[in-house]
Amino acid sequence: MSYPSVRKAVFPAAGLGTRFLPATKATPKEMLPIVDAPLIQYAIEEVAAAGIEEVIIVTGRGKRAIEDHFDLSFELDYFLEQHGKSHMLDSTYALLDRVQISYVRQRQPLGLGHAVACGRRLVGDEPFAVVLADDLIHATPSCLAQMVQVYEQHGASVVAAQRVEPAQTGRYGIVDGEPAGERTVRVRAMVEKPDPAEAPSNLAIVGRYILTPELFDEIERVNPGSGGEIQLTDALVALLAHQSIYAYEFTGTRYDAGDKLGFLQATVEYALRNEELGDRFRAYLKGLAAGL
Ligand code: UTP
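Residues numbered from 1 in each chain as written. Predicted model: local features only at pLDDT ≥ 70, side-chain atom pairs only at ≥ 80, totals over all residues. Heavy atoms only, no water.

Peer 1: Is there a simple way to explain unusual backbone geometry in this structure?
Peer 2: Glycine aside, residues mostly have negative phi, and peptide bonds are mostly found in the trans state. At the junction of Leu-21 and Pro-22, the peptide bond is cis and its omega measures out at 5 degrees in the coordinates. Residue position: Pro-22 is located in the loop between strand 1 (8–12) and strand 2 (33–34). A cis amide bond links Thr-140 to the next residue, Pro-141, at an omega of -10 degrees. Examined against the element boundaries, Pro-141 turns out to sit in the loop between strand 7 (135–138) and helix 7 (143–154). Even without a glycine there, the phi angle at Arg-183 is positive, about 55 degrees. Examined against the element boundaries, Arg-183 turns out to sit in the loop between strand 9 (173–179) and strand 10 (184–192). For Arg-183, a relative accessible area of 37% puts it in the partly exposed group. (Helix = DSSP H or I, 4+ residues; strand = E, 2+ residues; numbered from the N terminus. Buried < 20%, exposed > 50% of the residue type's maximum accessible area, 1.4 Å probe, protein only.)

What follows is the structure, encoded as structure tokens:
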């Protein structure tokens, strides 16, 4: 059986980024750089590698830098051309040739579920991906490409999942499920941020989803939770009552780059992998470690 393909991805990027203040006071956290590119560029590369060509970014106040980053920059382009340095923006412009980006505004940060719903008109009635750019995932094939395969197998919503330390379940949505193929479980229940003693497992949902369009109806029905926020997990739980959802334990490394420690880990590991900098940076770290 063939299912409608996943052609669109929603990027909620209207959160306040409070864990990274003061850096995120006037700069969107999605624009924080890992080595030399902003987080959101890595995430859009990831969806492009999964064959997705339409990107919908949900922005809010103070997020104009994201739109500017993915636009032409006449002055800078002219300057780089004059100085024989045009190649410095090659990867960004090559990405823009592969995806079409639209923007929609979330006027108030009313939660991740609400942000996803802001993309409804642009998504329409078809399956779509949701990508949280501050979850940076290094994987080959890309995490979303792996998930598209799982979606194509089951024709149902798929959430990315990762095993976490049992003590950390209180920071994630946690899945209870039964095995349904390689690295895949069919979700029985989802619990938002349970205490370790109450967690049904240590399988945590991270920031990649492939969702059926019926999810939008569930978001509309969800009652706002604490702080007036509309949670995506609540809508997923409601969807589970009448559709299957699968959790897929992707292969690869995830960095919580919206958190200071996760951001530092990502910076170090991406710098070590970087062709131009890797060797020098490794030597520097070795020298540093010797002196510790
Ligand atoms: P987070 O839980 O990381 O919240 O949101 P946040 O506000 O961005 O950051 P902290 O926790 O205060 O540091 C998860 C994702 O959902 C988006 C965020 O931009 C992030 O990508 N989001 C969250 C919205 O777009 N709108 C919201 O109202 C809430």
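Anyway, onward from the coordinates.
Peer 1: Would you take a moment to explain the site of the ligand for this structure?
Peer 2: Taken together, 18 residues form the shell around the ligand, and within it Thr-18, Arg-19, Lys-29, Gln-106 and Gly-111 come nearest. Between the ligand and the protein, one listed contact pairs an oxygen atom with a backbone N or O atom of Pro-12 at 3.0 Å. A distance of 2.9 Å separates an oxygen atom of the ligand from a polar backbone atom of Leu-16. In the complex, 82% of the free accessible area of the ligand, which totals 570 Å², lies under the protein chains. (Near = heavy atom within 4 Å. Polar contact = N/O pair within 3.5 Å; in protein donor to acceptor, adjacent residues only side chain to side chain. Areas by Shrake-Rupley, 256 points an atom, 1.4 Å probe, with all protein chains shown as cover.)

Peer 1: Is there a simple way to think about the packing of aromatic side chains in this case?
Peer 2: How two aromatic rings sit relative to each other is set out by the distance from centre to centre and by the angle between their planes. Counted by the stated rule, this structure contains six aromatic pairs. On the basis of an interplanar angle of 80 degrees and a centroid distance of 5.3 Å, the ring pair of Tyr-42 and Tyr-270 is categorised as edge-to-face. Within this pair, whereas Tyr-42 is found in helix 1 (residues 39–49), its partner Tyr-270 is found in helix 10 (residues 260–273), the two being separated by 228 residues in sequence. When the centroid spacing of 4.7 Å and the interplanar angle of 5 degrees are considered together, the rings of Phe-128 and Phe-216 count as stacked. Of this pair, Phe-128 sits in strand 6 (residues 128–131) while Phe-216 sits in helix 8 (residues 214–221); the two residues are 88 residues apart in sequence, bridging distant segments of the chain. Residue classification places Phe-128 among the buried positions, given a relative accessible area of 0%. Three or more aromatic residues link up through ring pairs in this structure, and these residues are Tyr-42, Tyr-255 and Tyr-270. Its end group placed over the ring of Tyr-270, Arg-273 keeps NZ or CZ at 5.0 Å from the ring centre. (Phe/Tyr/Trp six-rings, centres within 6.5 Å; stacked < 30°, edge-to-face > 60°. Lys NZ or Arg CZ within 6 Å of the ring centre and 35° of its normal.)

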